[in-house]
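Examining the three-dimensional arrangement
Chain residues, written in single-letter form:
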Amino acid sequence: MSRKYFYAFICVLLLLSACSPAVDTTQSESAAFRVDANEVARWERQAANVEILRDKWGIAHIYGKTDADTVFGTLYAQAEDDFNRVEVNYLNAMGRLAEAEGEAELMRDLRMKMFIDPTDLQSQYDASPDWLKSLMNAFADGLNYYLYKHPEVTPRVITHFEPWMALSFTEGSIGGDIERVNLRELEAFYGTGNLVAQREAISDNEPRGSNGFAIAPANTENGNALLLINPHTSFFFRSELQMVSEEGLNAYGAVTWGQFFVYQGFNERTGWMHTSSRADAIDEYLETVVQRDDGYYYLYDGEERRLTETRIALPYKEGNGIAQKEITVYRSHHGPITRSQDGKWVSIKLMQEPIKALTQSYTRTKAANHDQFYASMELLTNSSNNTVYADADGNIGYYHGNFIPRRNLNFDWNAPLDGSTSATEWQGLHTVDEMIRLFNPPNGWIQNTNNTPFSAAGPYSPRAQDYPRYMANNPENPRGIHAVRVLENTKNFTIDSLIAAAYDPLLTAFESLIPPLLLTTAGDNAQIESELTINSELLEYIDLLRDWDYTYTLDSTATTLAVFWAQNLMDDVRDEASTAGIDIYEYMAHNATDLQRLTAMRKAAETLQNDFGSWEVPWGEVNRYQRLNGDIEQDFNDAAPSIPVVFASSRWGSLASFGSRTYPGTKSMYGTSGNSFVAVVEFADHIRAKAITVGGLNSNPDSPHFADQAAMYARGEFRDVLFYREDVEANLERNYAPGM
């Protein structure tokens, strides 16, 4: 099917309705949902059309007669592995988390309900094309059938899933566009003074993002395109599975809990990897607000327009019951008011196209060639991501962003805009052809690490001067420098050598950070001596790094000292760098004072000495993987079993990312984000792939698949992907229909 006809096919499928958030109408749910016998019979008929094959790793391979059958089985299988994460994702997406967690989540719920309204989504479901309705119906039915067959599972809030709920969670990325709204600022604007402070989860401060590499056939040993799929997410954020139907669906990869499409993965012909993008898809507007007797107004093109007022109900758990608060939310035509700044009210404008977004997320998984994949991109709703692409025809490609409004270049779109003039309005959307992109560059490789697109293909990269400034706000990062280095001079990549490149142990950030530290002990240090004594111990610390090659190993004491030192220095100068408008790495290397460098070093050595009895501590003793139960947030414990992990934080240029830090009561650092599902795919006539998933596929500690991949993950060791049914059956653990 050509791009033109595939695109026409998608357009015919879409019947869109306007997206206008309204007052919250969240319906209460019975604590014990009564299941109609006819509904049960319908579920059982659909379950009979589904096979779930669990391989020796517990990975679900779902086979259905229709796409809807496969979706039904996919959600059933996901619920088997971790129903809690499925439910929590929808509680978050619909702004209902406080119903499970209590009043401390009210602001998070308010943020979502400013954009997500059940009544509107029900209308959009009604307006959806029949094929998409059938998938949404199957999504809800698969989860409801699971709950029916597992009465021992007690949902926290959602006892019955509705098809329209799928439209509340359509993209699958790490924190969608809505989560760009700052909760503290939202609370400061709408808080009444009697709200419990918004709960904040302990952060590992690891940069969120991903790596994607695409290698052209000319640069591979076997003459086939290769694709690295390397998302850096919170651990256990997605499941790994395969979806197969008799209607042409055959997709394998990472599926965000509760969704019915492979978010990052591949089919037999094409592969796609999304990396978090800084292409500008969101804008804030400074609204000049005046209060009149009948409400609030804002200025626009010399006139006063009344702000829309919406009462949003916020139910929350209180003791054994549910209480409720109501908050009046204001919005201009740009979007909801989320904060104030310098006497102005600030509104936010972002993409709200759930039907198109869900369509794009699903149809890309069935694309058989680049033209069809491109047609799905033309829906322009993958708003927060870049895409790295490869296929069986030998093509490789890169798309920087996907939803990019066309704007007047006379304004600074990186700052809040004057909302009182139509000159700052969006002027339609850029087409895919107008966006920053690459297709089959002569060098034969493409990389993106959430960095600038202007190094994506070395000397054949796009040029910044050819595009509007707002299309690319990403600076270069240490991973991007590292990626170019491991890709640029290799012409015989294989699956295994591309894995080795993706796990290259160099920490490139230290190449610019360590030399200035070494110079602090040279020359006239009278000023430093007056504030910090440079004694033999401090010289010994620095000498350890003088001979270090900037690579990590489990037994490397230099890696440990360097990471602790650099983190201290980064924390010390972060505010200074932000105030100066200088990239944090540039500031650390060229603007930090010698005193700051040496103080950070002494503090690092003292921390290690106090916590481990020596300032020379092997990296593997500090950097650990631990999962004690299926809780979304772990309580780490130094006395409990854990596994040493060799790779480090992406912050320091490690391509393989392990975002670890200490937690209350711990001395070792424990990872909670970074490499999660990682795969390398070779698009041969008979597709080949290897993959690894952090820990294991099941959240139950009693399952053999709770931690069966943990040791391999920590070593960077991969397993063969079982893509073809005969291979799955040769490594079969269980074959069953949902409910059996």
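So, here's what we can say about the structure. It should be emphasised that the depicted structure is a prediction, and the values quoted were computed from it without experimental measurement.

**A short note on the environment of Trp-257**
Position of Trp-257 relative to the elements: it lies in the loop between β6 (250–256) and β7 (264–266). It is 50 Å that separates the C-alpha atoms of Trp-257 and Leu-539, two residues lying 282 residues apart in sequence. The contact partners of Trp-257, leaving out residues within four places of it in the chain, are Gln-78, Asp-81, Asp-82, Arg-85, Val-86, Asn-89, Phe-169, Phe-236, Phe-237, Arg-238, Ser-239 and Leu-697. Within the local environment of Trp-257, its side chain forms a polar contact with the backbone oxygen of Phe-236, the two atoms lying 2.8 Å apart.

**Side note on the sheet that holds strand β16 (residues 344–349)**
Here four strands make up an open sheet; going across it, the order is β15-β16-β9-β19 and the pairing mixed. The sheet terminates laterally at β15 (337–341) and β19 (417–418), the two strands that pair on one side only. Bridging between strand β9 (residues 283–287) and β16 involves five bridges; their strand directions are antiparallel. Directly across from Tyr-285, in β16, lies its bridge partner Ser-347. Most of the contacts of helix α8 (residues 183–190) go to β15, to which it runs at about 85 degrees, and overall it touches β15 and β16.

**A closer look at the packing of aromatic side chains**
Under the counting rule described, the total for this entry stands at 43 aromatic pairs. Here the aromatic rings of Tyr-90 and Phe-161 are separated by 6.3 Å at their centres, their planes lie at 85 degrees, and the arrangement is edge-to-face. Of the two residues, Tyr-90 sits in helix α3 (residues 67–93) while Phe-161 sits in the loop between α7 (130–149) and α8, which places them 71 residues apart along the sequence. The pair Tyr-90 / Phe-161 is uniform in exposure class, with both members buried. Geometrically, the ring pair formed by Phe-139 and Phe-161 is edge-to-face, given 6.5 Å between the ring centres and 80 degrees between the ring planes. Pair noted here: Phe-139 is in helix α7 and Phe-161 is in the loop between α7 and α8, with a separation of 22 residues, a long-range link. Under the relative-accessibility criterion, Phe-139 is labelled buried at 0%. In this arrangement the basic side chain of Arg-661 is found over the ring face of Tyr-663, its NZ or CZ atom lying 4.7 Å from the centre. Lying across the ring of Trp-57, Arg-719 places its NZ or CZ 5.9 Å from the centre.

**Regarding the pairing of β6**
The element β6 is extensively covered by neighbouring structure, given that seven of its seven residues are classed as buried. With seven bridges joining them, strand β5 (residues 238–245) and β6 adopt antiparallel strand pairing. In the sheet register, Arg-238 faces β6, and the bridge partner there is Thr-256. Counting the residues in the hairpin turn of β5 and β6 gives four residues, including Gly-248, whose phi is positive at 100 degrees. Pairing analysis gives three bridges linking β6 to β7, with the strands arranged antiparallel. What sits directly across from Tyr-252, in β7, is Phe-266.

**A word on a negative patch on the surface**
A contiguous patch of negative charge on the surface is contributed by Glu-537, Glu-540, Glu-606 and Glu-616. Examined against the element boundaries, Glu-606 turns out to sit in helix α18 (residues 594–612).

**Overview of the pairing of β16**
With five of its six residues buried, β16 lies for the most part within the structure. Of the pairings in the sheet, the one linking β15 to β16 comprises four bridges and is antiparallel in character. By the bridge assignment for β16, Ile-337 is matched with Ser-347. In sequence, β15 turns back onto β16 through a hairpin of two residues, with Asp-342 there showing a positive phi of about 50 degrees.

Criteria and cut-off values
Residues numbered from 1 in each chain as written. Predicted model: local features only at pLDDT ≥ 70, side-chain atom pairs only at ≥ 80, totals over all residues. Heavy atoms only, no water. Helix = DSSP H or I, 4+ residues; strand = E, 2+ residues; numbered from the N terminus. Contact = heavy atoms within 4.5 Å. Polar contact = N/O pair within 3.5 Å; in protein donor to acceptor, adjacent residues only side chain to side chain. Pairing = 2+ DSSP bridges. Axes fitted to C-alpha atoms, helices over the stretch in contact; angles between N-to-C directions. Phe/Tyr/Trp six-rings, centres within 6.5 Å; stacked < 30°, edge-to-face > 60°. Buried < 20%, exposed > 50% of the residue type's maximum accessible area, 1.4 Å probe, protein only. Lys NZ or Arg CZ within 6 Å of the ring centre and 35° of its normal. Patch = residues over 30% accessible without salt bridge, like charges linked within 9 Å, V, L, I, M, F, W, Y side chains within 5 Å. Areas by Shrake-Rupley, 256 points an atom, 1.4 Å probe, with all protein chains shown as cover. Salt bridge = Lys/Arg side-chain N within 4 Å of Asp/Glu carboxyl O. Lys, Arg positive; Asp, Glu negative; His and termini not counted. Charge placed at Lys NZ, Arg CZ, Asp CG, Glu CD.

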